[in-house]
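Topology and contacts: notes
The primary structure of each chain is shown beneath.
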Amino acid sequence: VNPHGMVVAARHGLKLLTEEEIRARYGKKAWKHFDSSLKKLDKNPAYKEFLTHFDTPVQHVCALLVEYYDLKGWGKYDFWPKVLQAFIDNF
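The notes below deal with the structure included here. The structure displayed is predicted, hence computed values, not measured ones.

The rules behind each value
- Residues numbered from 1 in each chain as written.
- Predicted model: local features only at pLDDT ≥ 70, side-chain atom pairs only at ≥ 80, totals over all residues.
- Heavy atoms only, no water.
- Helix = DSSP H or I, 4+ residues; strand = E, 2+ residues; numbered from the N terminus.
- Buried < 20%, exposed > 50% of the residue type's maximum accessible area, 1.4 Å probe, protein only.
- Contact = heavy atoms within 4.5 Å.
- Areas by Shrake-Rupley, 256 points an atom, 1.4 Å probe, with all protein chains shown as cover.
- Salt bridge = Lys/Arg side-chain N within 4 Å of Asp/Glu carboxyl O.
- Axes fitted to C-alpha atoms, helices over the stretch in contact; angles between N-to-C directions.
- Left-handed = near helix turned anticlockwise from the far one by under 90°.
- Nonpolar A, V, L, I, M, F, W, Y, C, P; charged D, E, K, R; others polar.
- Phe/Tyr/Trp six-rings, centres within 6.5 Å; stacked < 30°, edge-to-face > 60°.

Along the backbone of the protein chain there are three helices and two strands. The order of helices and strands in the protein chain, counted from the N terminus, is β-β-α-α-α. A burial count over the protein chain gives 22% of its 91 residues as buried. In the protein chain, once contacts between residues fewer than 6 apart in sequence are set aside, the share between residues at least 24 apart is 39%. Carbon and sulfur atoms make up 60% of the accessible area of the protein chain, which amounts to about 7300 Å² in all.

Below, the structure written as structure tokens:
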């Protein structure tokens with residue numbers, strides 16, 4: 001997200017989205033879930049923000065899960081609570 005709140009880079013699973021795919025998903029205006037102060041991000045279940053390098057393994061696991069769900073045709077990405085619990089249990 002750039003300083004104006006517009007999505008300029010995004011992925012779906014492991015695939016980097018093209019500019020056209022980003023425009024189709026997010027439009028050409030400020031993303032409604034973005035607060036430019038970065039003090040608050042809406043807690044929308046449709047996305048998860050990763051804020052530190054400690055989140056890097058989780059990013060990769062989630063990207064792989066998106067790929068797997070797409071492969072299986074499951075559509076609803078409902079794995080986040082299980083992923084979060086697994087990391088809590090391990091650390």
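Per the stated rule, a full pass over the model turns up two salt bridges. Glu21 serves as the salt-bridge partner of Lys15, at 2.7 Å between the closest nitrogen and oxygen. Note on Glu21: relative accessible area 30%, which makes it partly exposed. In this structure, the salt-bridge partner of Arg23 is Glu20, at a minimum N-O distance of 3.8 Å. In this pair, Arg23 and Glu20 are both assigned in helix H1 (residues 19-26), three residues apart and thus about one turn of the helix distant. In this structure Arg23 comes out as partly exposed when scored by relative accessible area, which is 35%.

Quick look at the packing of helix H2 (residues 56-72) against helix H3 (residues 80-90) now. Put simply, H2 and H3 touch, their axes get as near as 11 Å, and they point 145 degrees apart. The two elements H2 and H3 cross, and the hand of that crossing is right-handed. Of the residues in H3, those in contact with Pro57, Val58, Val61, Cys62 and Leu65 of H2 are Trp80, Val83 and Phe87. The class makeup of the residues in the contact of H2 with H3 is eight nonpolar, no polar and no charged.

Under the criterion given, the structure shown has four aromatic pairs. Residues Tyr69 and Trp74 carry aromatic rings whose centres are separated by 5.0 Å and whose planes lie at 85 degrees to one another, so their mutual orientation is edge-to-face. Here Tyr69 falls in the buried class, since its relative accessible area comes to 11%. Here Tyr69 and Phe79 contribute two aromatic rings whose centre-to-centre distance is 5.3 Å and whose plane-to-plane angle is 75 degrees, an arrangement assigned as edge-to-face. In this pair, Tyr69 sits in helix H2 while Phe79 sits in the loop between H2 and H3, placing the two residues ten residues apart along the sequence. Taken individually, Tyr69 and Phe79 each receive the classification buried, so the pair is uniform in this respect. Taken together, the aromatic side chains of Tyr68, Tyr69, Trp74, Tyr77 and Phe79 make up a single cluster linked through ring pairs.

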